[in-house]
Every structure is written in structure tokens, then in C-alpha cells.
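One letter stands for each residue in the lines below.
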Amino acid sequence: MSTSLDTDAPQGAHPLTPQGRSTKVRRQRVKAAWLFLAPMLIALTLVAGWPLFRTFFLSLTDASLSDLGDANMIGFENYLVYDNGRWFGVLADPVWWQSVWNTVYFSIVSVSLEVIFGVIVALILNAEFKGRTIVRAAVLIPWAIPTIVSAQMWAWMLNDQFGIINHLLMMVGIIEDPIAWTASATYSMWAVIMVDVWKTIPFVALLVLAALQMLPKDCYEAAEVDGIHPVRVFFKVTLPLITPALMVAVIFRLLDALRVFDVIYVLTSNSTSTMSMSVYARQQLVEFQDVGYGSAASTLLFLIIALATIAYLYVGRNKIQLGGD
């Protein structure tokens, strides 16, 4: 009896052998995966792809918010153009570059602090003590509060006239006069970072705690028998095992931090000392009603976030592969 051969089998492997069957099953699974992903990819293209294309298209025009229909194509002049001996456009605007620096500085400092304190909180919540369930629920309260609400709450607390923060610091003698935390060029950025860190530590702690709950107990039992110091156990055993969870936490927090808007706008409005790229784009779009210019800033914001995400994922993947080897 003749048997038809599977042409999808790899060269040198008979289609009836386990290797040939494995390859066929793998290809069927890949096709099934793409079939199930197709509706999501189509919806994502419609929901995210069209607005991105529309924003980029508007960035090539001189569209105004008052009359979007009367827009003319001007090419990349909103990005950068040389005219009468001077450079114009978003890339020639010092306020834009200040907002880029503010956003990068805010992202690096806030995400770093959130990871450090998030890991510490997760280690505390992972320990066994009385009332641990209540403490775990209480820690999540800052993350559950909407950002606008928490930012406005902190704006009242940081007020230089009636804020409780200044009152407590003056009462214990740390400061002599009230500080305008959100209006001072020296303290405003740190005030914004403090509020963001306070709100998002629970998110990082929750992801790390989930990773800690799945760690094998035999590693720690062996380390305890060998008398290894807990600090060394953390850096040699715990930290490498929870690195994938930390990467997920960092990438999500990095995406949020790079496009931060609400907490900065509520606390400091359009202050140049804390203006982020999102606040800059909003100012151009809404207050100046320059849709073309604001769309150019929004497009650059998207490109910066995309490049930062790709770079982080590439570096993180290489670290994990090297660690596995």
C-alpha cells in the first residue's frame, strides 16, 4: 500500500517519524494561533492604527482646531524647517527639548524608585505576620485611587498656604517658612515624582509579590541549612528568579511614565520646569489650537516611546538569555 508523504516535513525527516509529526503539529498550532489572534489584530488596527495615521497626516498640514477642514499640506515644516536664516518647528523649539528632558528624567527617577520600594514592600508582604491580609489590602489603596483624584489631593496637601505637608515640616523644625512645592522650579519636579511614586509602588509590589509566591521553597531551605546570609540569598537566588516579573513591571511603568500627563498637569499645569511631552502636545493642540504642530509633537512622542520600548525589550531579552546560559 502506498502512503502519501507530507511535504511540510523537514529535510531528512520522514513524515511518519516523531520528528515529522512534531513539525506538522507545530505548524498547525501556529496557524491556529494566528487565526485566534486575527480578530484582536484587526480591532487593534482599527482602534490604534487609524488614529496614529490620522495624527501623522495632520502633522503634515497647517490644520487649526477652529477649522480642520481648511488645512493645507506643508510637508515636514511642523517638525523642522529653515527659513530666513532661522530654524523653526518642534525640533527647533527649546521648550520641546526641555519637555523631553523633563519626561526622561521623570521616567528614570520615578521608575527606579518604584522598583526599589516596590521590591521592599513585596518582600515585607511576602513575610508571615499577623494581619498580613489587611496590610496587603491597605497597600493597594493608592493604586486604586484615580490619578486625577490623588494628584488633586496631593496638590492640597502640598499647598504653601494651607497644606498639611508644610505644617508638619514646620512643626518638627525641618523648615522655617512654607515651601511652594508645586510652584518652585527647584522642588516641583521632585513633588511630582513623589506623588507618582506613592501611587504606583503598589502596582510594582503586586507583580513582584506574585513572583515571590511562586518561587521554589527548596532553594531557601538549602540556603538556610548551609547558613548563607539572607542578603546574599536575595541577590543570588531571589533577584534572578523574579527578574522576569520585574521586567514586566518596568516596561509597563516606563510606558506610563514616558506618556505622563495627568499628575503633572494637575500639580503644575503648564510649568516649563515640569512640562512633559504630553503636556507640551496638549498645550499646542488645545491652548494654541495648532493641530498640525501639536500632531507633530504627538507623533514624535509616539516614536520616542516606541524606540524606548524596543530598546528595553531587546536589552532585557539578551540579559535573560545570558542569565539562562
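Residues numbered from 1 in each chain as written. Predicted model: local features only at pLDDT ≥ 70, side-chain atom pairs only at ≥ 80, totals over all residues. Heavy atoms only, no water.

Engineer: Would you mind showing me how to read the packing of aromatic side chains here?
Structural biologist: By the definition in use, this model includes 12 aromatic pairs. Measuring from centroid to centroid gives 6.3 Å for Tyr105 and Trp190, while their planes differ by 85°, and the two rings are edge-to-face. Linking Tyr105 in helix 2 (residues 94–126) with Trp190 in helix 7 (residues 188–213), this pair joins segments that are 85 residues apart in sequence. We classify Tyr105 as partly exposed; its relative accessible area is 27%. Of the aromatic side chains, those joined through ring pairs into one cluster are Trp101, Tyr105 and Trp190. (Phe/Tyr/Trp six-rings, centres within 6.5 Å; stacked < 30°, edge-to-face > 60°. Helix = DSSP H or I, 4+ residues; strand = E, 2+ residues; numbered from the N terminus. Buried < 20%, exposed > 50% of the residue type's maximum accessible area, 1.4 Å probe, protein only.)

Engineer: Quick question: what am I supposed to make of the nonpolar core here?
Structural biologist: Nonpolar side chains tend to gather and get buried jointly when the protein is soluble and globular. Val90, Trp96, Val208 and Val263 are the most contacted members of the largest nonpolar core, which has 59 residues in total. For this core, the secondary structure elements donating two or more residues are helix 2, helix 5 (147–157), helix 7, helix 9 (230–258), helix 10 (262–268), helix 11 (277–287) and helix 12 (291–324). Looking at this core, the element that brings in the most residues is helix 7, giving 14 residues. If we ignore the near neighbours within four places in the chain, the residues touching Val208 are Val119, Ala122, Ile242 and Leu246. (Core = buried A, V, L, I, M, F, W, Y, C linked by side-chain atoms within 4.5 Å. Contact = heavy atoms within 4.5 Å.)

Engineer: Would you take a moment to explain the packing of helix 2 against helix 9 for this structure?
Structural biologist: Two measures define how a pair of helices packs: the angle their axes make with one another and the distance between the axes. Between helix 2 and helix 9, whose axes approach to 10 Å, the crossing angle comes to 140°. As far as their axial angle goes, helix 9 and helix 2 are oblique. Remark: the crossing between helix 2 and helix 9 carries right-handed chirality. For the pair helix 2 and helix 9, contact is made by Thr103, Phe106, Ser107, Ser110, Val111, Glu114, Val115, Val119 and Leu123 and by Phe234, Leu246, Val250, Arg253, Leu254, Ala257 and Leu258, respectively. Split by residue class, the contact of helix 2 with helix 9 holds 11 nonpolar, three polar and two charged. (Axes fitted to C-alpha atoms, helices over the stretch in contact; angles between N-to-C directions. Parallel < 35°, antiparallel > 145°, perpendicular 65-115°, else oblique. Left-handed = near helix turned anticlockwise from the far one by under 90°. Nonpolar A, V, L, I, M, F, W, Y, C, P; charged D, E, K, R; others polar.)

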